[in-house]
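Observations on chain architecture
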Amino acid sequence: MEIWINPACSKCRSAIGLLDEEGARYTVRRYLEDVPSEDEIRAVLKRLALAPWDITRTQEPEAKELALAGWPRTDESRDRWIAALARHPRLIQRPIITADDGTAVVARTDEAVRDAISRG
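Everything numeric in this text was worked out from a predicted model, so none of it was measured. (Residues numbered from 1 in each chain as written. Predicted model: local features only at pLDDT ≥ 70, side-chain atom pairs only at ≥ 80, totals over all residues. Heavy atoms only, no water.)

1. Let's talk about the nonpolar core
If you look at the biggest cluster of nonpolar residues, it comprises 21 residues, and the most contacted ones within it are I41, L48, I55, L68, L85, I92 and I96. Of all elements in the fold, only α2 (38-48) and α4 (78-87) reach the threshold of two or more residues within this core. Take this core: its biggest share by element is five residues, from α4. The residues touching I92, leaving out its near neighbours within four places in the chain, are Y31, P36, I41, I55, R57 and L85. (Core = buried A, V, L, I, M, F, W, Y, C linked by side-chain atoms within 4.5 Å. Buried < 20%, exposed > 50% of the residue type's maximum accessible area, 1.4 Å probe, protein only. Helix = DSSP H or I, 4+ residues; strand = E, 2+ residues; numbered from the N terminus. Contact = heavy atoms within 4.5 Å.)

2. Overview of the pairing of strand β2 (residues 27-30)
With four bridges joining them, strand β1 (residues 2-5) and β2 adopt parallel strand pairing. Across the sheet, residue I3 finds its bridge partner in β2, namely V28. This β-α-β element, β1 to helix α1 (residues 10-21) to β2, shows right-handed connectivity. (Pairing = 2+ DSSP bridges. Right-handed = clockwise from strand over helix to strand, strands pointing away.)

3. Some details on a negative patch on the surface
Judged by side-chain charge, E21, E22, D110 and E111 come together as a negatively charged surface patch. Looking at where E21 falls in the secondary structure, it is placed in helix α1. According to the relative accessible area criterion, E21 is exposed, its value standing at 62%. (Patch = residues over 30% accessible without salt bridge, like charges linked within 9 Å, V, L, I, M, F, W, Y side chains within 5 Å. Areas by Shrake-Rupley, 256 points an atom, 1.4 Å probe, with all protein chains shown as cover. Salt bridge = Lys/Arg side-chain N within 4 Å of Asp/Glu carboxyl O. Lys, Arg positive; Asp, Glu negative; His and termini not counted. Charge placed at Lys NZ, Arg CZ, Asp CG, Glu CD.)

Quick look at the structure:
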């Protein structure tokens, strides 16, 4: 299991605490330092069964600078969104846990973290 975190994020710290409390085995990826490639973002989106705009933090300053609110949310625009996430990783929702069974969750709640743990 891998968890993508921003150490400054309280939701990320809570998720790590719960993983530790439950004795889960995981690796940490500080995705602002170890920025995911476009292909890695595509793979995580597939595992999440979500579109790129579903994991985009639209209130971040970078989102406002890019005017993301006006971007189309269509299959044709997916690559544009993914490129923006790769260039501006702060826009990626956090934390994201990739489970050993090939799935992933956006782990913003204890329930989501426990769900990821149950998937191994």
